[in-house]
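For reference, the chains in residue letters:
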Amino acid sequence: MVSGKAYVASVFEKVKEQNAHEEEFLQAVEEVFDSLVPVFDQYPQYIEENLLERLVEPERIVSFRVPWVDDKGQVRVNRGYRVQFSSAIGPYKGGLRFHPSVNQSIVKFLGFEQIFKNSLTGQPIGGGKGGSNFDPKGKSDLEIMRFTQSFMTELHKHIGPDTDVPAGDIGVGGREIGYLFGQYKRLKGYENGVLTGKGLTYGGSLARTEATGYGVVYFAEQMLKSRGQELAGKTAIVSGSGNVAIYATEKLHELGAKVVAVSDSSGYVYHEAGIDLDLLKDLKEVKRARISAYVDTHSDAVFTPAGGDSIWTIKADLAFPCATQNELNEDDAKALITNGVSAVAEGANMPSTLKAVAAFHEAGVAFGPAKAANAGGVAVSALEMAQNSSRTAWSFEEVDGKLKEIMTDIYHHSAEAAEAFDAKGNLVVGANIAGFLKVAEAMSAQGIV
């Protein structure tokens, strides 16, 4: 009989051969595969069903052109994607990312991660992801509306409330979701549950905006609690200054921690007295300004432009990488460890390199991987779907309470799975295994499809 190690290795070799130029996707696959070896030793029937090779191949990839007209009357063309990875436990669910870096590899890595993240939430949702290499920065509202309408003109053929339910991600906030929903309604009629992250006046859920940021803090709270510690009195670094970073900062402040640094692509701000949350929200949510403008109000804060020292060189108890993939490398991890960091929780998708994660584990730092720690956003998206289906609206407190319960459950399920497979304390292994087992059981039950 083939061992779990041999089976996983053989499938990974085939994945590398078939996706040789998709670095981000291969990184995500390698990280998950390394965790699953003991699962296949315990469940050899999954080897017989070649379940891993089936899972790593998307059920469907849609790639399309997106033509639109800018304010000068010039025709522009971008590329759009939707990867529908797995519907084993429910309709495809995952965000849309509008960013110049978007390509098929990035969308596939995000969709693959989404399978396990969605499984961990306990909600009946499968894994998918999409987006475009369109850059919303510097574009007018009318340009963004024209682009999103063109994007949805193609995407609407492939989505639906019981088929595939996109949401927002980097570059896709409330404005973009509104335009996307309007165009979908124009083309197919009113189907409230086709998108999540909607405005509150047309089917959105309270606490959805805050969900990913709040969720990563709730997860970190559980990690610390397992070690007899608490958030109160801790200092924290939060990379990014978008939706996730802002609301992680808000929840950290609420629970007694002090955030001393935030960033954007232009650099980072260090404010020893604690980040001014109201100012951060004004700069980023209202004025859409660069983070460097923070020091215009607080002269005691220091702005370091991109290319200088990393934000991760700042001394802090906690680190929350909430910006983008692979933003925290091995050198950054070593700097954090040297400065005495006790816990790292990922708010972005795969923000730490594999070597950085290994360094944290070797140093005994509590580490919350993205697929577990940042699952709050998709968890509340699933709650939004439930509210849409039942034509009800829950209070902020109800949704926030459910979110905290889900994040607490994710932590415990991940910790228990890690211990059950001889990897106690390794939440990367635990989250991968706990997420995988639910999907694997569903796939096995449904036959070869």
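Preceding this section is the structure that the text describes.
In every chain, residue numbers begin from 1 and rise along the written sequence. Local features are withheld for residues below a pLDDT of 70 in this predicted model, meaning they are given only at 70 or higher, and side-chain atom pairs are given and counted only at 80 or more; totals for whole chains, interfaces and linings count all residues. Only heavy atoms go into the side-chain values, all of them from the structure, while hydrogens and water stay out.

Student: Please give an account of the sheet that holds strand β2 (residues 75-86) that cites residues and values.
Tutor: For two strands to count as paired, DSSP must find a minimum of two bridges between them. Helix numbers and strand numbers start at the N terminus; a helix is a DSSP run of H or I with at least 4 residues, a strand a run of E with at least 2. Read across the open sheet, the five strands follow the order β1-β2-β4-β3-β5; overall the sheet is mixed. The open sheet terminates on both sides in strands that have one partner only, identified here as β1 (60-69) and β5 (164-168). Strand-to-strand twist of the sheet, defined as the mean angle between neighbouring strand axes without regard to direction, takes the value 20 degrees. Sheet analysis places strand β3 (residues 92-98) next to β5, joined by five bridges and oriented parallel. By the bridge assignment for β5, Tyr92 is matched with Asp164. Comment: axis = line fitted to C-alpha atoms, over the contacting stretch for helices; angle = value between 0 and 180 degrees taken between N-to-C directions.

Student: Before we move on, could you go through helix α2 (residues 23-42) and cite the residues and values that matter?
Tutor: Spanning 20 residues, α2 covers 30 Å between terminal C-alpha atoms, matching the ideal 28 Å at 1.5 Å per step. The sharpest bend along α2 measures roughly 40 degrees and falls at Leu36, with the proline Pro38 sitting one to four residues further on. Given a helix with a known number of residues, its expected span is that number minus one, times 1.5 Å. A residue's bend is given by the angle between axes fitted to the 7 residues ending at it and the 7 residues starting at it.

Student: Give a detailed account of the side chain of Glu327, specifying residues and quantitative values.
Tutor: With respect to the helices and strands, the residue Glu327 is situated in the loop between β10 (318-320) and α12 (330-338). Burial classes follow relative accessibility: with a 1.4 Å probe on protein chains only, a residue under 20% of its type's maximum area counts as buried, one over 50% as exposed, and anything between as partly exposed. Neither His nor the chain ends is counted toward charge; the positive residues are Lys and Arg and the negative residues Asp and Glu. Just to be clear on terms, a salt bridge is a Lys or Arg side-chain nitrogen sitting within 4 Å of an Asp or Glu carboxyl oxygen. Summary of buried charges: Glu327 has no salt-bridge partner, and the nearest side chain of opposite charge, Arg97, is 9.4 Å away. Pairs of N or O atoms are called polar contacts if they sit within 3.5 Å, as long as, within protein, a hydrogen donor faces a hydrogen acceptor (for residues adjacent in sequence, only side-chain-to-side-chain pairs). Here the side chain of Glu327 touches Ala323 through a polar contact of 2.8 Å, landing on its backbone nitrogen. Of the polar contacts made by the side chain of Glu327, one reaches the backbone nitrogen of Thr324; its length is 3.0 Å.

Student: Account for the pattern of salt bridges, naming residues and giving values.
Tutor: Counted by the stated rule, this structure contains 21 salt bridges. A salt bridge links Glu53 to Lys14; the nearest nitrogen and oxygen atoms lie 2.5 Å apart. You can see Glu53 sitting in helix α4 (residues 51-56) and its partner Lys14 sitting in helix α1 (residues 4-18), a full 39 residues away along the chain. With a relative accessible area of 24%, Glu53 lands in the partly exposed category. In this structure, Glu176 and Arg175 form a salt bridge, with 3.1 Å as the shortest nitrogen-oxygen distance. Glu176 sits in the buried class, given a relative accessible area of 4%.

Student: A description of the sheet that holds strand β12 (residues 366-368) should follow, citing residues and the corresponding values.
Tutor: Judged by pairing direction, the sheet is mixed, and its seven strands sit side by side in the order β9-β8-β7-β6-β10-β11-β12 without closing on themselves. In this open sheet, the two edge strands, each paired with only one partner strand, are β9 (302-305) and β12. The average angle at which neighbouring strand axes cross in this sheet is 15 degrees, direction not considered. Strand direction decides the pairing type here: strand β6 (residues 235-238) and strand β7 (residues 258-264), joined by three bridges, are parallel. Opposite Thr235, over in β7, you have Lys258 as the bridge partner. Throughout, a contact is declared for two residues whenever any of their heavy atoms are within 4.5 Å. Helix α9 (residues 243-254) rests against β6, β7 and β10 of the sheet, and its axis sits at about 175 degrees to β7.

Student: Kindly report on the side chain of Thr408, identifying the contributing residues and their values.
Tutor: Tracing the backbone shows Thr408 in helix α16 (residues 396-420). What makes Thr408 buried here is its relative accessible area of 19%. Among the polar contacts listed, one links the side chain of Thr408 to the backbone oxygen of Lys404, at a separation of 2.8 Å.

Student: Got a sec to walk through the environment of Gly90? Specific residues and values, please.
Tutor: Position of Gly90 among the secondary structure elements: in the loop between β2 and β3. Since its relative accessible area comes to 15%, Gly90 is described here as buried. It is 4.9 Å that separates the C-alpha atoms of Gly90 and Pro124, two residues lying 34 residues apart in sequence. Once you skip the residues sitting within four places of it in the chain, Gly90 turns out to touch Pro124, Ile125 and Gly126.

Student: Go over the nonpolar core, please, and point to the residues and values.
Tutor: In these notes, a set of buried Ala, Val, Leu, Ile, Met, Phe, Trp, Tyr and Cys residues joined through side-chain atoms within 4.5 Å is what counts as a nonpolar core. Counting residues in hydrophobic clusters, the biggest one holds 99 residues, and the most contacted among them are Phe112, Phe320 and Phe436. A per-element tally of this core places helix α17 (residues 427-445) first, with ten residues. Sequence-distant contacts of Phe436, defined by excluding residues within four places in its chain, comprise Leu36, Val39, Phe40, Leu51, Leu52, Leu55 and Phe116. Val260, Ala316, Ala319 and Phe360 belong to the second-largest nonpolar core, a separate cluster that totals 21 residues.

Student: Talk me through α17; I want residue IDs and the actual numbers.
Tutor: Under the 1.5 Å per step criterion, the end-to-end length of α17 is 27 Å for 19 residues, consistent within 8% with the ideal 27 Å. Taken across its 19 residues, α17 has 14 buried, putting it largely inside the fold. Its side-chain oxygen 3.1 Å from the backbone nitrogen of Val428, Asn426 forms the N-cap of α17.

Student: Give me the packing of α9 against helix α10 (residues 277-286): which residues, what numbers.
Tutor: In the contact formed by α9 and α10, the axes pass within 11 Å of each other and the chain directions differ by 170 degrees. Comparing the axis directions of α9 and α10 gives the class roughly antiparallel. Seen from above, α9 lies across α10 with left-handed handedness. Packed against α9, whose contacting residues are Ile246, Tyr247, Thr249, Glu250 and His253, the element α10 presents Leu277, Leu280, Lys281, Lys284 and Glu285 at the interface. Charged means Asp, Glu, Lys or Arg here, nonpolar means Ala, Val, Leu, Ile, Met, Phe, Trp, Tyr, Cys or Pro, and polar covers whatever is left, Gly included. Its residues assigned to classes, the contact of α9 with α10 comprises four nonpolar, two polar and four charged. Note on terminology: angles under 35 degrees are roughly parallel, angles over 145 are roughly antiparallel, angles of 65 to 115 are roughly perpendicular, and the others are oblique. If you view the pair so one helix is near and one far, a crossing is left-handed when the near helix is turned anticlockwise from the far one by less than a right angle, and right-handed when it is turned clockwise.

Student: Can you break down the packing of aromatic side chains residue by residue, with the values?
Tutor: By convention, a stacked pair of Phe, Tyr or Trp rings (six-membered ring in the case of Trp) has centres within 6.5 Å and planes under 30 degrees apart, an edge-to-face pair has planes over 60 apart, and any other such pair is tilted. Under the counting rule described, the total for this entry stands at 24 aromatic pairs. Seen in terms of ring centroids, Phe181 and Tyr202 are 5.3 Å apart; in terms of plane orientation they differ by 35 degrees. Their pairing is tilted. Within this pair, whereas Phe181 is found in helix α7 (residues 174-188), its partner Tyr202 is found in the loop between α7 and α8 (211-226), the two being separated by 21 residues in sequence. Residue class for Tyr202 comes out partly exposed when judged on its relative accessible area of 21%. Aromatic ring contacts, followed pair by pair, group Phe64, Trp68, Phe98, Phe134, Phe147 and Phe151 into a single cluster. The ring of Phe25 has Lys108 sitting right over it, with the charged end atom 4.3 Å from the ring centre. Positioned above the aromatic ring of Phe134, the side-chain terminus of Lys139 is 5.2 Å from the ring centre. Here, a charge over a ring is recorded when the distance from Lys NZ or Arg CZ to the ring centre is within 6 Å and its angle to the ring normal is within 35 degrees.

Student: A description of unusual backbone geometry should follow, citing residues and the corresponding values.
Tutor: What you tend to see is this: most non-glycine residues have negative phi, and most peptide bonds are trans. In this structure, Arg288 takes a positive phi of about 55 degrees despite not being glycine. As for its position among the elements, Arg288 is in the loop between α10 and α11 (294-297). Phi at Asp422 is positive, roughly 60 degrees, even though this residue is not glycine. In this structure, Asp422 sits in the loop between α16 and α17.

Remember that the coordinates give geometry; whether it matters functionally is a separate question.
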